[in-house]
Amino acid sequence: MHADNPAQSRKAAALAAFEGLATEPGVAKPDPILVVDKVVRRFGGLTAVDVGHVEIQRGSITALIGPNGAGKTTFFNQLTGFDTADAGEWTFNGQKMNGVPAYKVARHGMVRTFQLTKALSKLTVIENMRLGAQKQRGENFFAGLIPGLWRGEEAAITQRAEDLLTRFKLIAKKDDFAGSLSGGQRKLLEMARALMVQPELVMLDEPMAGVNPALTQSLLGHVKNLREEGMTVLFVEHDMDMVRDISDWVIVMAQGAVIAEGPPHSIMSDARVIDAYLGAHHDAPLSAEEEQQQLEEAEAELAAEADADGDSTKEAGNERV
Amino acid sequence: MDWILIFSRAVEAGIGSEAVIYCLAAIGLNVQFGYTGLLNFGQAAFVAVGAYSIATTVATFGLPLFLGVGIGLVLAVLLALLLGIPTLRLRADYLAIVTIAAAEIVRLVVRAVALKDTFGGTDGLQEFAGTFYGLNPYPEGNYVIPPFIGFDHRTMWILTVGWILVIAVSLLLFLVMRSPWGRVLKAIREDEDAVRSLGKNVFSYKMQSLVIGGVIGSLAGFIFALSRSSAQADLYSTDFTFFAYTVLILGGAARILGPIVGAAIFWFLMIFVKTGLEEAINKNVINFLNVNQVGAIQYMIIGLGLILLLIYRPQGIFGDKREIALDAR
Amino acid sequence: MRRAVIAFTAFLGGLIFLLASGSATAWAEGESVKGTLKSQGQPVNGVKISVADESDKPVGDATSNAQGTWEVSVPSAGTYKVTLDQSTLPAGLALRFKDRATLTVQVFEGNARNVLFALDAAGGQQQGNTPDGDPAPTENETYWARVAQLAFEGLSLGLVIALGAVGLSLIFGTTGLTNFAHGELLAIGAFIAFFLNSVVGLHLLIAAPLAVVLSAAFGYGQDRFFWGQLRKRKTGLISMMIISIGVALFLRYLLLFIFGGASEAYRQYGAQEGIQIGPISATPKSLIIMGIEILVLIAVGVALLFTRLGKATRAVADNPALAASSGINVDRVIRIVWTAGAGIAGLAGIFLGLSQTINYQMGLQVLLLMFAGVTLGGLGTAFGALVGSLVVGLFIQVSTLWIPPEIKNVGALAVLIIVLLFRPQGILGRRERIG
């Protein structure tokens, strides 16, 4: 098919960029869109995040994985201005973003979704979408009083929203309250709404959590599409199948720090990653066979985590201690 | 039992100056609470600011009434900024506690003996409404509205101005709540973080909502002071705010007509119960109560009504249950 | 109709609480001058007040009663001279401003005009100092004596607030409910004790513990049959907050309905002679009350820190879902918190009634101070509520050194707003608790 060729080339380009990179934490990328330095966040005595250096490659799909309580969501919150870091700085497209409030981060083109979906359930689906459009004239109080000033713009926004809804197969629901959607549909809506902002970097916090398996493939397709449209994707995920399937690069966090990076097919055999998932007291494997067995155990644990529905609350609980 | 008296009093109250005052105060709360989800428990402070601005300007400093109106509007904006800056970044209940405290501060300051020369202490200020009633187009006399209600010319004038204000403010809100601006407000009511993640300055919108609701509250203050030609500190107590909330929830929050219907029904019922009970006691239909207890019963009914409304019909008369902010957070 | 509206408004005005003066106004027909004589929160009785008109023609006189109140009817609106007979003041008390024994006041039509005479402990009476011409160092000493006295009174007020606020804070912590009806729990405790004391005729030492038990039972019932049911219905927190306003209105005016609007006092332990401890003059009952308050607060603290139930309570406050999944019966913990919180609030109400007066608005009057204490200390932390309440109490009393006592609460509430500006989590709160 025609569409496959550019798609293949985007993926190929992304993979090519990662070719031959060391699998050390904080390794430099050829063309980073986001560069993070020494970000620290403490809750009382507990250090939730302590990331030395991380770069996110432009035009790629990067996965952020790690065991529960590794500080992935907290790290996400820091980067997007939803939580204040105790120390550290980061740049997006070369612009300093530390200390920038969340709404300005979004305006710069760095848009996130949430682990627990934040579809605005008492607004209709189309209103949810329209809200995402930037620089609306009618969002000024005085201009809002005069419909003539914003009607034209609103029509254009609605057109764009409907196009996106069609793509995400939500167009039939456009006048329903978002609260009436299923969990997976809400995830789709949240992603579509984020696209209304026209971001350069899309940050997805567990896009697969709580999604009906029937919708998984469609969601995966949409995430891949983002890259094909030239966007960069950074996502947190537990589902290792999804990570392997769609990511070009994987960053592993444990106990607040980045402990390893690497391509998805080899990262799970990294000793540091296995340590992180099994616990540090685990001894170095003696034979290839034992190593294989432990890898399977680790993967089983990962899969179990992905299944556990309540893990989001547990993680929030841990981080609040 | 004089049922005509009871009904005429109740209907008069339902469209009278009390209804106008509570309606405006509740419209202000509707912007803040109904549409944005902000818990302003200090609406009485904004009303007091409006009332005392015109009273002080005219009665204490001898300046024109309309300057007082201007000052009242400016002070309402400043008060909203003052309250909003420390609290709008915090969780909803902080705004509630700070605004309720601010309302008490305003009330205690204007009734203070130390500032009696300016604000008149507990007696308040009188004799500032001359200009307003000088503009009265209604010739002196009583105006009977069939079948059985009537107002004097002064009341007619204040009601005309009051209800025009209510209609004008409601029309403006009708327009702006259908605009993208209103959409941002409703979205904030649902989930501020989602709105932030879409590049909207949530703090700014909440502040705008607080300011607009406060300014509408000060309009209620103007009518309050003018309708009785007096400004008295103790009328602007916390209970005023709570009653305004009752009015809003009764009519239906996040509905343009909610506060209007709410105020009319609230005051109709209040006076119906009061006059009805007083009549019953005076005519010895009820003999286990005395007239002094009627007030207590009225307020108990308000309290009970608020509880039952929120449990069984939180959307009020007009609201859409799917679109009500009450179960948030 | 206008008259009806005016009458109704006047009625409304009469019902509205008088936070600053601390006493409810009885509805009076016609014009009068009236007032309440108090020293350190204690009513002063037996003081003669005489009223004369502008041409010094006597109009009438009155003697303050056991509640310290007095009232003289005057024939019409106008200007009157009100004189306090200083020779009738009890030993150890004097006017704060000796030259202001006669005050000239304006009485408006239909107005019961309040007249305030500020009373103080007469400074240095042991040494036989003359009232005027104090040498400078003595003035300095009296200043510090006043600071000490006010700090003591502040501590006393702060402890009562703390007693009420602990329950408020624990209920907030475990259920998320900002309970606007918590003040009424104090008022109900005070009125139950008043009922048992004055109507049934029990001695206050028997009536008070009974009232605490009944208050606790009321708290249990409230949670069992009302708040617990609402939680089961998954009523939203904001909804519950507004419901609590309805509950507060209902209970407050139920008290007015049953007991009327007058200020009441217990039969025992009314006015007491103060005893001198260093620079501080205190009544024996206030010392005993403070002792009990401190014991109760320590007991609550120890229970929270060291008992199973206390630990469970803190766990629920920290994270209800986690607590439930680790086997804690959240509903049972909440019910116990409600029961204990209401009992302690009832006790606080009785103490408040003992040191001031009992009236149906006392709950609302103290509610804002409890909120200030709880917020100042950090929402949802019981120990924060304790510290915050003490700060509020101290600040209110000590601030009267610089600001008129009638607006002393303004200072405390303003401090609350300023603290939130710089430290939104409160004094002991943690940053994560906000937002």
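Residues numbered from 1 in each chain as written. Chains lettered and ligands numbered in written order. Predicted model: local features only at pLDDT ≥ 70, side-chain atom pairs only at ≥ 80, totals over all residues. Heavy atoms only, no water.

- Going by the annotation in an unreviewed UniProt entry, the name recorded for chain C is Branched-chain amino acid ABC transporter permease, with Sinosporangium siamense given as the source organism.
- Per UniProt, chain C has the following entry under Subcellular location (unreviewed entry): "Cell membrane". (UniProt positions renumbered as here; feature names shortened; annotations may be inferred.)

- Per an unreviewed UniProt entry, chain B goes by the name Branched-chain amino acid ABC transporter permease and belongs to Sinosporangium siamense.
- Per UniProt, chain B has the following entry under Subcellular location (unreviewed entry): "Cell membrane".

1. What about the overall build of chain C?
And step 1. The secondary structure content of chain C amounts to 12 helices and 13 strands.
And step 2. Looking at chain C as a whole, 53% of its 435 residues qualify as buried.
And step 3. For chain C, restricting intrachain contacts to residue pairs at least 6 apart in sequence, the fraction spanning at least 24 positions comes to 71%.
And step 4. A total of about 18,300 Å² of accessible surface is found on chain C, and carbon and sulfur atoms cover 62% of it. (Helix = DSSP H or I, 4+ residues; strand = E, 2+ residues; numbered from the N terminus. Buried < 20%, exposed > 50% of the residue type's maximum accessible area, 1.4 Å probe, protein only. Contact = heavy atoms within 4.5 Å. Areas by Shrake-Rupley, 256 points an atom, 1.4 Å probe, with all protein chains shown as cover.)

2. Here we look at the domain arrangement of chain C
And step 1. We note that the domain assignment places domain 1 (19–121) and domain 2 (144–433) within chain C.
And step 2. Centre-to-centre separation of domain 1 of chain C and domain 2 of chain C, based on C-alpha positions: 32 Å. (Domains from an automatic or database assignment.)

3. Section: the sheet that holds strand β6 (residues 110–112) of chain A
Residue and element names in this part refer to chain A.
And step 1. Taken together, the 6 strands give an open sheet; going across it, the order is β6-β7-β8-β3-β9-β10, and neighbouring strands pair in mixed fashion. In the strand order of this sheet, the two ends are held by β6 and β10 (257–262), each with one partner. Neighbour to neighbour, the strand axes of the sheet diverge by 20° on average, direction disregarded.
And step 2. In the sheet, strand β9 (residues 249–254) pairs with β10 via 5 bridges, with the strands oriented antiparallel. The partner of Ala254 across the bridge, within β10, is Ala257.
And step 3. Its contacts with the sheet place helix α8 (residues 213–228) against β3 (61–65), β7 (201–205) and β8 (232–236), and it is angled at close to 130° to β3. (Pairing = 2+ DSSP bridges. Axes fitted to C-alpha atoms, helices over the stretch in contact; angles between N-to-C directions.)

4. Digging into the environment of Glu273 of chain C
And step 1. Within the secondary structure, Glu273 of chain C is located in the loop between α5 (237–259) and β12 (275–277).
And step 2. Spatially, the C-alpha atoms of Glu273 of chain C and Leu119 of chain C are 15 Å apart, while their sequence positions differ by 154 residues.

5. Things to note about the interface of chain C and chain B
And step 1. Between chain C and chain B, the residue contacts involve 62 residues of the former and 67 residues of the latter.
And step 2. Summed over both partners, the interface of chain C with chain B comes to about 5,900 Å²; 75% of that surface belongs to carbon and sulfur atoms.
And step 3. Taken together, chain C and chain B are joined by 1 salt bridge.
And step 4. A salt bridge links Asp239 of chain B to Arg252 of chain C, with the shortest nitrogen-to-oxygen separation between them at 3.2 Å.
And step 5. Where chain C packs against chain B, one counts 6 residue pairs in polar contact (both at pLDDT 80 or more).
And step 6. Only α1 (2–15), α4 (204–232), α5, α10 (362–377) and α12 (408–422) of chain C provide two or more residues apiece to the side of chain C that touches chain B.
And step 7. Sorting elements by how many residues they give to the side of chain C that touches chain B places α5 of chain C first, with 16 residues.
And step 8. Its residues placed into classes, the side of chain C that touches chain B shows 45 nonpolar, 11 polar and 6 charged. (Buried area = accessible area lost by both parts, 1.4 Å probe. Salt bridge = Lys/Arg side-chain N within 4 Å of Asp/Glu carboxyl O. Polar contact = N/O pair within 3.5 Å; in protein donor to acceptor, adjacent residues only side chain to side chain. Nonpolar A, V, L, I, M, F, W, Y, C, P; charged D, E, K, R; others polar.)

6. A few points about the UniProt feature "transmembrane region" (unreviewed entry) in chain B
Residues and elements named next belong to chain B.
And step 1. The sites that carry the UniProt feature "transmembrane region" (unreviewed entry) are, in the present numbering, residues 6–31, 38–55, 61–82, 94–114, 156–176, 210–230, 242–273 and 294–312.
And step 2. Strand forms 0% of residues 94–114 and helix 81%; the C-alpha atoms that close the span are 30 Å apart.
And step 3. What you have in residues 156–176 is 100% helix and 0% strand, and the ends, taken at the C-alpha atoms, are 30 Å apart.

7. Observations concerning the interface of chain B and chain A
And step 1. In this assembly, 30 residues from chain B lie in contact with 33 residues from chain A.
And step 2. Taken together, the two surfaces of chain B and chain A that pack against each other cover about 2,800 Å², and 63% of this comes from carbon and sulfur.
And step 3. In terms of surface lost to chain A, no three residues of chain B exceed Arg183, Glu190 and Leu198 of chain B, which account for 25% of the buried area on that side.
And step 4. Among the ionic pairs, Glu139 of chain A bridges to Lys200 of chain B, the shortest N-O distance being 3.0 Å.
And step 5. Remark: the boundary between chain B and chain A carries 14 residue pairs in polar contact (both at pLDDT 80 or more).
And step 6. Breaking the side of chain B that touches chain A down by element, the ones donating at least two residues are α8 (153–177), α9 (180–190), α10 (192–197) and α11 (202–227) of chain B.
And step 7. The dominant element in the side of chain B that touches chain A, judged by the number of residues it contributes, is α9 of chain B, at 7 residues.

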